[in-house]
Amino acid sequence: MNFSFAVLKTDAAGARRGRLTTPHGIIETPAFMPVGTQAAVKSLRNEALEELGAQIILGNTYHLYLRPGHQLVRKLGGLHRFMSWDRAILTDSGGYQVFSLSELRKVTDEGVRFRSHLDGAEHLLTPEKAAEIQLALGSDIAMVLDECIETPAPRQTAEAALERTTAWAKRARRYFLECARQNGRLSQWQFGIVQGATFPDLRRLSAQQLVELDFPGYAVGGLAVGEPHEVTCEMTAQATELLPREKPRYLMGVGRPEQIADYVALGIDMMDCVLPTRAARHACIYTSQGRVLIRNARYAQDPSPLDPECRCSVCQRYTRAYLRHLFAAGELTAAILATHHNVHFYLDFMRQIREAIEFGNLAKFSSEVQARYAAGPA
Ligand SMILES: [Zn+2]
């Protein structure tokens, strides 16, 4: 058993400084996980991710199942070996992408039937299948299949999705534990996912039902999909209040720099988001002074680094004027440099958050970040 989680310190508000241990290394929490959708963090080499200090990345089950296929990945030694990444990997269940990307999906109690967005082939994703694919990929942390619905949702729809999510979580847990028993070892941690849309009582009910299944960790899903930030926070709080204190909590698909400390204060330990990598490809640079839209004409002759306070290798070497030129010229290097800096910004931001929790000044850190982001770059 190479998995463990320890809360090292909890501050007055409830923010946790923790440490997650996996067979592929230690993850200091609160942690941000860069998204490596198709076994690659877009426009970054793994060498760069290592240099940046990423301790865990996320892979998407839906994409890897359709291409290159989980059996091929297993044959080539699992996802870590396939993509030459020795540090930790979390895989999602594929549910979110099935609900957002695929065509002609039909949800039944059995699972979700869908057509691939690549070639139109029909597939059936069940709770057992999602667990099987992730076991084949060999990620360190696997997620159960949940039913994702659009928000805001009518109460009846949210209730039905919650009921199905719990039933699927039971099946996924049973299948996973049976596989572990047959293999004689636990090669992976499986997390449950709290749903319940924007209904506080459904969020609590979902958390209670999942806690009974005794997962080693829990995610809060279906949030930050368009609802106001206050609602995201309230729904997260409803869940985290009921989740076991000694287990890791993962808020899926967040967040913006000025919001991250709020989630951490609610007791969230892990987060993932495409924001730093996607924004980088669209010339949006995250800096200590706020967002810099580097295509803006005001940077055409700017000899300063992307962020004067940043210690990343891009900021040590290149200017805003040069990066603006690369984007204007459509050079691939533009995305590579911008992504490198943005991922550094996020990972360094999490280091500062962990330090703030240790020194008991997370609230002060958070209000300073919010003020800077509201003011924008000088
Ligand atoms: Zn930088």
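Once a new chain begins, its residue numbering starts again from 1 and follows that chain's sequence as written. Thresholds applied to this predicted model are a pLDDT of at least 70 for local features of residues and 80 or more for the giving and counting of side-chain atom pairs; totals over whole chains, interfaces and linings are not thresholded and use all residues. Computation of side-chain values: all heavy atoms of the structure, hydrogens and water removed.

1. Some words on helix 13 (residues 320-329)
- When a residue's accessible area, from a 1.4 Å probe over protein chains only, is under 20% of the maximum for its type it is buried; when over 50% it is exposed; and in between it is partly exposed. Secondary structure elements follow DSSP: runs of H or I of four or more residues count as helices, runs of E of two or more count as strands, with numbering from the N terminus. Within the span of helix 13, buried status applies to Arg320, Ala321, Leu323, Leu326 and Phe327.
- Note on contacts: a residue pair qualifies if any of its non-hydrogen atoms lie within 4.5 Å across the two residues. Turning to helix 13, the residues buried within the fold contact helix 11 (275-281), strand 15 (284-287), strand 16 (290-293) and helix 14 (332-359).
- Gly330, located one to two residues past helix 13, shows a positive phi value of around 70°.

2. Focus: the coordination of the zinc ion
- The coordination sphere of the zinc ion, as far as protein atoms go, consists of Cys310 (SG), Cys312 (SG), Cys315 (SG) and His341 (ND1), spread over 2.1 to 2.3 Å.
- Note that water is not among the atoms used; donors are N, O and S atoms within 2.8 Å of the metal (3.2 Å for Na, K and Ca), so sites may look incomplete. Between 85 and 135 degrees for all angles marks four donors as tetrahedral; over 155 degrees for opposite donors together with 65 to 115 for all other angles marks four donors as square planar and six as octahedral; every other arrangement is irregular. Here the zinc ion is ringed by four donor atoms whose angles at the metal span 99 to 119°, and the overall shape comes out tetrahedral.
- Each donor residue of the zinc ion belongs to the same chain, with the gaps between them written as C-x1-C-x2-C-x25-H. Across this residue pair, the class does not change: Cys310 and Cys312 are buried.

3. Digging into the packing of helix 10 (residues 257-265) against helix 15 (residues 362-375)
- The convention used is that axes are lines fitted to C-alpha atoms, helices contributing only their stretch in contact, and that angles between N-to-C directions extend from 0 to 180 degrees. Between helix 10 and helix 15, the least distance of the axes is 8 Å, while the angle of their chain directions is 160°. As summarised for this structure, helix 10 and helix 15 are arranged roughly antiparallel, according to the angle between their axes. Of the two possible hands of crossing, helix 10 and helix 15 adopt the one that is left-handed. Across the interface between the two elements, Pro257, Glu258, Ala261, Asp262, Val264 and Ala265 from helix 10 touch Leu362, Ser366, Val369, Gln370 and Tyr373 from helix 15. To sort the angles, those under 35 degrees are grouped as roughly parallel, those over 145 as roughly antiparallel, those from 65 to 115 as roughly perpendicular, and the leftovers as oblique. Two helices that cross are described as forming a left-handed crossing if the nearer one is turned anticlockwise from the farther one by less than a right angle, and a right-handed crossing if clockwise.

4. Details of the sheet that holds strand 4 (residues 31-33)
- Between any two strands, at least two bridges found by DSSP are needed for them to pair. One open sheet holds the eight strands; their spatial order is 4-14-13-12-11-10-6-5, and the pairing between them is parallel. Edge positions in the sheet fall to strand 4 and strand 5 (56-59), since each of these pairs with one other strand and no more. Between one strand axis and the next, the sheet turns through 25° on average, direction left out of account.
- Strand direction decides the pairing type here: strand 13 (residues 249-251) and strand 14 (residues 270-272), joined by two bridges, are parallel. Pairing of Leu251 across the sheet is with Met271, part of strand 14.
- The strands that helix 14 touches are strand 4 and strand 14; relative to strand 4, the one it contacts most, it runs at about 165°.

5. Looking at the packing of aromatic side chains
- Stacked, tilted and edge-to-face are the three classes assigned to paired rings of Phe, Tyr and Trp, where Trp is represented by its six-membered ring and a pair needs centres within 6.5 Å; plane angles under 30 degrees give stacked, over 60 edge-to-face, the rest tilted. Per the counting criterion, the structure on display carries 11 aromatic pairs.
- The interplanar angle of 25° and the centroid separation of 6.3 Å between the aromatic rings of Tyr286 and Phe345 together place this pair among those described as stacked. With a gap of 59 residues between them, Tyr286 in strand 15 and Phe345 in helix 14 connect regions that are remote in the sequence. Each member of the pair, Tyr286 as well as Phe345, is classed as buried.
- One aromatic cluster is present, built from ring pairs that chain together Phe32, Tyr286, Phe345, Tyr346, Phe349 and Phe365.
- Above the ring of Phe199, the side-chain terminus of Arg155 is found at 5.4 Å from the ring centroid. Should the NZ of a Lys or the CZ of an Arg lie within 6 Å of a ring centre and within 35 degrees of the ring normal, that charge is described as sitting over the ring.

6. Structural notes on the side chain of His344
- Following the sequence through the fold, His344 ends up in helix 14.
- Look at His344 and you get buried, because its relative accessible area is 10%.
- Sequence-distant contacts of His344, defined by excluding residues within four places in its chain, comprise Leu52, Cys310, Arg311, Cys312 and Arg351.

7. Observations concerning the sheet that holds strand 8 (residues 112-115)
- As summarised here, the arrangement of the three strands in space is 7-8-9, forming an open sheet in which the pairing is antiparallel. Strand pairing shows two members of the sheet lacking a second neighbour, strand 7 (103-107) and strand 9 (122-125), which therefore form its edges. Across the sheet, the mean angle separating the axes of adjacent strands is 15° when strand polarity is ignored.
- As judged from the four bridges shared by strand 8 and strand 9, these two strands associate in the antiparallel manner.

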